[in-house]
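Reading the structure
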Amino acid sequence: MPNKNLYSLFDSRFPANRADIAFEGPEIASYSFQDISDGSARLAHLLSNSGAVPGDRVAVQVGKSVEAVILYLACLRAGLVYLPLNTAYKSAEIEYFITDAEPAIVVCDPASHTEISALAEKAGVKAVFTLDNDGMGSLMDSAAALPTDFTTVERASDDLAAILYTSGTTGRSKGAMLTHDNLASNAKTLNSYWQFQAGDVLLHALPIFHVHGLFVALHCAFLSAAKVVFLKKFDPATVIASLPEATVFMGVPTFYVRLLTEAGFTKDVCRNMRLFTAGSAPLLAETFKAFEERTGHVILERYGMTEAGMITSNPYEGERKAGTVGFPLDNEVRIADDAGNVVKDGDIGILEIKGPNVFKGYWRMPEKTAAEFRADGFFITGDMTQKGEDGYYRIVGRSKDLIISGGYNVYPKEIESFIDEMPGVDESAVVGRPHPDFGEAVVAFIVPDGSIPSLTDQDVIAYVKEKLANFKVPKEVYIVDDLPRNTMGKVQKNQLRDRAAVV
Ligand code: MCA
Ligand code: AMP
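1. Concerning the side chain of Thr254
By secondary structure assignment, the location of Thr254 is in helix H10 (residues 253-260). Classification of Thr254 by relative accessible area gives buried; the value is 7%. A polar contact is formed between the side chain of Thr254 and the backbone oxygen of Asp437, at a distance of 2.8 Å. Beyond its immediate stretch of four places on either side in the chain, Thr254 contacts Gly406, Asp437 and Phe438.

In structure tokens form, the structure reads like this:
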């Protein structure tokens, strides 16, 4: 049986000439495929020497660097389970992930080393290393003299490759367990569906702690040994300056909205491009249209989620339709009602999916896992979907109480639970409102308990900002006398959404 380790698949696709460039960019040095292979071998030795054994988790909260990508590959090679964490997460959020996942090793930014070491010690972590935005720190220092050959550990298809936490409707984050085959199958599907080739140049501006930037983008490039122009972050001017040498770009809708506000974003800078993809949140038809008018390119919108990678895609060849997410990829899909009965063609229901891309379950949450799968193995996405007469799928809403802001998921329940603990607050409700830049913005309604008469909206914002990731901080807070409720006592969020949209 060939080794099912995802790294072995990448390695088999890396170019014969390992001196070829794998990563370069205006803000970084160049890295050849040999550098990637040597570096990941060294780090795989370091992680193993530090006491991590196959199956152990490695939690990583670091800025965007090629070394962070090499660390991901090293985890694969050593059979360790990569657990990337959003750099915006604050200490209390990190504590939960470390306690829940019980990683053997944690890698963090030097600036948070003291704080994270304290959390790690409590959780029995074996080693904490640092890695800064420029790829420097104790991680690379400790690995510098280690050997550059490492035999990639044997993995079976359903061994875990990564755990990615997604917030839950109940407020507690759930770790989605992704296997080597989940990632390999989706990577192969996308690489071929979007027609990646060796000569492609992927312009990469996404963060690398989520499925979109880490798996969708990088795996497509690795499987064709395509060069990656690796940007530290999304900055419209840097993207525009790098576009002329690129052939593929992937973004969340906010990237496209922002690029269109730049006069320098022209047809000419896109002259070598063959593909722009969008996803993680709905792309507005007006953005789709304005983009085509400006550049002559039709954005390919696709749809996916952490638990399954990419699920549907507009066609590479054939019409890409605004407001649709195209057709199912390599997974079975069906649209069903709440009870799981398949709805009539054309009716709206919840998308359910089954296929090699669908995750193995939530880390140490068998009940939550069972609740989100049907008895016949279909996973309930929670996305309200409609299949048009044209066969294209449209995501028309969400049955889960979720806000997507700039491509980041925010679960209102988590923020409400946090705000409800604030002195002076009786209760709260959090909703999304349309936002021109982020698509949706987080807005909170607060009912004070009267104990702090001077309580202001700014106090609430400051309170949340101190403890929760910045993208979860409400853009506005409204102090109200009470929350609208139905006869069952349930908060009428639709009314609040309507109010938030007009105020
Ligand atoms: C930053 N801010 C935000 C967001 N990002 N507010 C709401 N939503 C956001 N997404 C706020 C900060 O709190 C801060 O506020 C101010 O904006 C500036 O912060 P900064 O970090 O400088 O912002 P930025 O660099 O301009 O970031 C915006 C961004 C970023 C580039 C759009 O959010 C981003 O990279 N999003 C991509 C997310 C992504 O990769 N998602 C994929 C998930 P203040 O000044 O008040 O402090 S994977 C997925 O969903 C599935 C699988 C799929 O289908 O792909
Ligand atoms: P995440 O949990 O970060 O993986 O986010 C997954 C969710 O993002 C999905 O369940 C959808 O609600 C949403 N999503 C992703 N891509 C699209 C898209 N193209 N259109 C609408 N929603 C999307």
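Structure's up, so let's keep going.
2. A look at the nonpolar core
Counting 119 residues, the largest nonpolar core has Phe23, Val107, Phe249 and Met250 as its most contacted members. Among residues more than four places away in sequence, those in contact with Val107 are Val58, Ala59, Val60, Gln61, Val62, Leu71, Phe129, Thr130, Leu131 and Leu139.

3. Quick look at the layout of surface pockets
Taken as a whole, the second largest pocket spans an internal volume of roughly 270 Å³. Looking at the second largest pocket, it is lined by 14 residues, and the ones nearest its centre are Ala92, Glu93, Tyr96, Glu414 and Leu468. Put simply, the parts of the chain that give the lining of the second largest pocket at least two residues each are helix H4 (91-101) and helix H13 (412-420). The dominant element in the lining of the second largest pocket, judged by the number of residues it contributes, is H4, at four residues. Broken down by class, the residue content of the lining of the second largest pocket amounts to six nonpolar, three polar and five charged.

4. Considerations on the packing of aromatic side chains
Taken as a whole, this structure holds 29 aromatic pairs when the rule is applied. Here the aromatic rings of Tyr96 and Phe97 are separated by 5.7 Å at their centres, their planes lie at 70°, and the arrangement is edge-to-face. By relative accessible area, which is 4% here, Phe97 ends up buried. Taking the centre distance of 5.1 Å and the plane angle of 75° together, the rings of Phe359 and Phe379 count as edge-to-face. With Phe359 in the loop between strand E17 (348-354) and strand E18 (361-362) and Phe379 in strand E19 (residues 379-387), this pair connects stretches of sequence that are 20 residues apart.

5. As for the packing of helix H3 (residues 66-77) against helix H8 (residues 211-223)
Running from N to C, H3 and H8 cross one another at 80°; their axes reach a closest spacing of 13 Å. By the angle between their axes, H3 is roughly perpendicular relative to H8. Contacts from Val69, Tyr72 and Leu73 in H3 reach Leu214, Phe215, Leu218, His219 and Phe222 in H8. Each residue belonging to the contact of H3 with H8 can be placed in one class, and the counts come to seven nonpolar, one polar and no charged.

Rules behind the numbers
- Residues numbered from 1 in each chain as written.
- Chains lettered and ligands numbered in written order.
- Predicted model: local features only at pLDDT ≥ 70, side-chain atom pairs only at ≥ 80, totals over all residues.
- Heavy atoms only, no water.
- Helix = DSSP H or I, 4+ residues; strand = E, 2+ residues; numbered from the N terminus.
- Buried < 20%, exposed > 50% of the residue type's maximum accessible area, 1.4 Å probe, protein only.
- Polar contact = N/O pair within 3.5 Å; in protein donor to acceptor, adjacent residues only side chain to side chain.
- Contact = heavy atoms within 4.5 Å.
- Core = buried A, V, L, I, M, F, W, Y, C linked by side-chain atoms within 4.5 Å.
- 1 Å grid on protein atoms, 1.4 Å probe; cavity = no way out; pocket = protein on both sides within 12 Å on 5 of 7 lines; lining within 4 Å.
- Points joined across faces, edges and corners; volume = space filled by probe spheres on them.
- Nonpolar A, V, L, I, M, F, W, Y, C, P; charged D, E, K, R; others polar.
- Phe/Tyr/Trp six-rings, centres within 6.5 Å; stacked < 30°, edge-to-face > 60°.
- Axes fitted to C-alpha atoms, helices over the stretch in contact; angles between N-to-C directions.
- Parallel < 35°, antiparallel > 145°, perpendicular 65-115°, else oblique.

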